[in-house]
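# Residue-level structural notes
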Amino acid sequence: MKRVAIIGGGITGLTAAFRLQQQGIPATLFEATNRVGGVIQTVRDGEYLAECGPNTILETSPLIGEMIADLGLEGRRIYSSEQAENRYIVRNKRPVSLPNSPLSFLATSLFSLRAKARLMAEPFIRRAPADEEESLAKFVRRRIGSEFLDYAINPFVAGVYAGSPETLSVREAFPKLHALEQRYGSLILGQILGGRARKREGGVSKKNALKFSFDQGLGTLTDTLGQRLKKQIRTDQAIREINRQNDSWSLGQAEEYSGVLLALPAFRMAELQLTCESKPVSLAMLGDIHYAPVASVVLGFYRQDVEHSLDGFGALNPEVEQLHSLGTIFSSSLFPGRAPLGQVLLTSYIGGLRAPHLVSKTPDELCELVMADLKTVLGVNGKSTYRHVFIHRRAIPQYDIGYGRFKTFMNDLEKSVSGLFFAGHCCDGVSLMDSIASGHEAAGRIANHLKKTD
Ligand SMILES: Cc1cc2nc3c(=O)[nH]c(=O)nc-3n(C[C@H](O)[C@H](O)[C@H](O)COP(=O)(O)OP(=O)(O)OC[C@H]3O[C@@H](n4cnc5c(N)ncnc54)[C@H](O)[C@@H]3O)c2cc1C
């Protein structure tokens, strides 16, 4: 059996390589940098533990539990503390608990009486035509009103996409929301009826899913995958060309492969020189998938220098509040072992589509901007005891209006070019769980392809 080439050593490529290894299918993984993990990068600095990229995995599918068991990592997984269910949204520069029950919704000061009354009308709003592609902002204004857009959806979208509801496509970026309207005619009715259906099928909603990391951060997962795949991984190998000739693939080197998986950011896929039977096939259009830049600013403080109780997951900053940062995760409240005793660790994100220019600032300037927000919102008074800044110039792909053409392009190429596969955050969803599922499913498609062609 010929080997398979996997290009990209982020969580998507690693998952695919691991699943193929388990099935006895030989694969070589090529990674451009000197380490695997992609945007997942944990930095242990004495008693501080900083995440440069993602912080938590949301367990919305059994796939991740299975992989953790197969890797022998069950004992090292840590679920976030119960208080992480509490989330704050900033209103009038103060953090307000996001309501999590009908009663707390009625009592909350996060939304005005008018906004609450407007929500009650939601089941009576007509659904949009199925073929109309709406922005998330237009969808939310139409169904539940502009105050929910400003104080619920806008900060939420900053937290997930670092993006803008004005440009994200509701159908592409939030397909479940779109489907609720199309299927039930109402988000509220859909939540109730859809929840019952999900229960019957054994699925878990994002709201109810558990969040976790590992004792040494998310890097534990990618480092362990890296160790398991050690002999198959080639780091410092940026692939530039891919050629298919007579059912055989090569990457500008002597080795031949029976298939190639692209598990790369879209802007890197776009740069690849692909030829099929000596004819060039351009991937350049994938370079038009827009990425939001994000800087993560991790700061440590003495506990007594922070007025807020930090009893939650974190606080998100709506754009209308005009703060510098997108929000802050209370990292040391979520998981133990993130800061020395008597100190706390806070992870703030800055930039995004709201203020992309900010990621060009120096780490000192970024820390200053974040410190100003932390002082206003959480009452942080003292100096930081620890800091780590990491800048992602192209962090998260935006599933904007018109994104569907990119997805169709990748799907069509996979169908028409035998042995070429696509996976990862630019095609199957932007969360870690999406990337893990994407790598897992790509391994399944590759295994089927090999069965057919052997
Ligand atoms: C700041 C930030 C915070 C996030 N927070 C969360 C969170 O808390 N929870 C969550 O669920 N998700 C979060 N996400 C999203 C999630 O981390 C990503 O969607 C996921 O990790 C993407 O994995 P990937 O393997 O598809 O891509 P990547 O991690 O980008 O990996 C792609 C790999 O390909 C390599 N590569 C590039 N070009 C080449 C080439 N030519 N040849 C070989 N290799 C190449 C790169 O070096 C990289 O290692 C966050 C993302 C960011 C950026």
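Scoring rules and cut-offs
Residues numbered from 1 in each chain as written. Predicted model: local features only at pLDDT ≥ 70, side-chain atom pairs only at ≥ 80, totals over all residues. Helix = DSSP H or I, 4+ residues; strand = E, 2+ residues; numbered from the N terminus. Rg over C-alpha atoms; globule rule 2.2 N^0.38 Å. Contact = placed C-beta atoms within 7 Å. Near = placed C-beta within 6 Å. Nonpolar A, V, L, I, M, F, W, Y, C, P; charged D, E, K, R; others polar. Domains from an automatic or database assignment. Buried ≥ 20, exposed ≤ 12 C-beta atoms within 10 Å, placed from the backbone. Pairing = 2+ DSSP bridges. Axes fitted to C-alpha atoms, helices over the stretch in contact; angles between N-to-C directions. Arc of directions from axis to C-beta.

## Description of the overall build of the protein chain
A count of helices and strands for the protein chain gives 15 helices and 21 strands. The C-alpha atoms of the protein chain give a radius of gyration of 23 Å, which matches the 22 Å a tight globule of 454 residues would have. Based on the C-alpha atoms only, the size of the protein chain along its principal axes is roughly 65 × 55 × 40 Å. At a minimum sequence separation of 6, the contacts of the protein chain that also span at least 24 residues come to 72%.

## A short note on the site of the ligand
Gly8, Gly10, Gly38, Pro54 and Gly424 are the nearest of the 38 residues found near the ligand. Taken together, the residues that form the shell around the ligand break down as 20 nonpolar, 16 polar and two charged. Each of domain 1 (3-40 + 218-289 + 400-453) and domain 2 (41-98 + 210-217 + 291-397) contributes no fewer than three residues to the shell around the ligand.

## Topic: the environment of Asp45
Along the chain, Asp45 falls in strand β3 (residues 42-45). We classify Asp45 as exposed; it has 12 C-beta atoms within 10 Å. Along the primary structure Asp45 and Phe148 are separated by 103 residues, whereas in three dimensions their C-alpha atoms are 40 Å apart. Residues within four places of Asp45 in sequence aside, it is in contact with Ala50 and His388.

## Re the sheet that holds strand β18 (residues 325-329)
Consider a sheet: its strands pair through backbone hydrogen bonds, and that pairing is either parallel or antiparallel. One open sheet accounts for seven strands, arranged β8-β7-β17-β18-β19-β16-β20; its pairing is mixed. Only two strands of the sheet have a single partner each, and these edge strands are β8 (94-97) and β20 (386-397). Going across the sheet, the axis of each strand differs from the next one's by a mean of 25°, ignoring polarity. Here strand β17 (residues 314-316) pairs with β18 via three bridges, running antiparallel. Of the residues in β18, the one forming a bridge with Leu316 is Gly327. Lying over the sheet, helix α6 (residues 146-161) contacts β7 (87-91), β16 (291-302), β17, β18 and β20, oriented at roughly 75° with respect to β18. Of the strands in this sheet, β7, β8, β16, β17, β18, β19 (343-351) and β20 touch helix α13 (residues 363-378), which is tilted by about 65° from β16.

## Some details on the domain arrangement of the protein chain
Per the domain assignment, the segments making up the protein chain are domain 1 (3-40 + 218-289 + 400-453), domain 2 (41-98 + 210-217 + 291-397) and domain 3 (111-201). The C-alpha centroid of domain 3 is placed 33 Å from the C-alpha centroid of domain 1.

## Re helix α8 (residues 175-184)
When we look at burial in α8, the residues that qualify are His178, Leu180 and Glu181. Angularly, the buried residues of α8 cover 155° about the axis, an arc narrow enough to put them on a single face. Positive phi shows up at Gly185, right after α8, with a value of about 75°.

## Notes on the sheet that holds strand β5 (residues 57-58)
With antiparallel pairing, three strands are arranged side by side in an open sheet as β5-β9-β6. Strands at the two margins of the open sheet, each flanked by one partner only, are β5 and β6 (77-79). Judged from the three bridges that link them, β6 and strand β9 (residues 211-214) form a sheet pairing that is antiparallel. When the sheet's bridge partners are listed, Ile78 is paired in β9 with Ser213.

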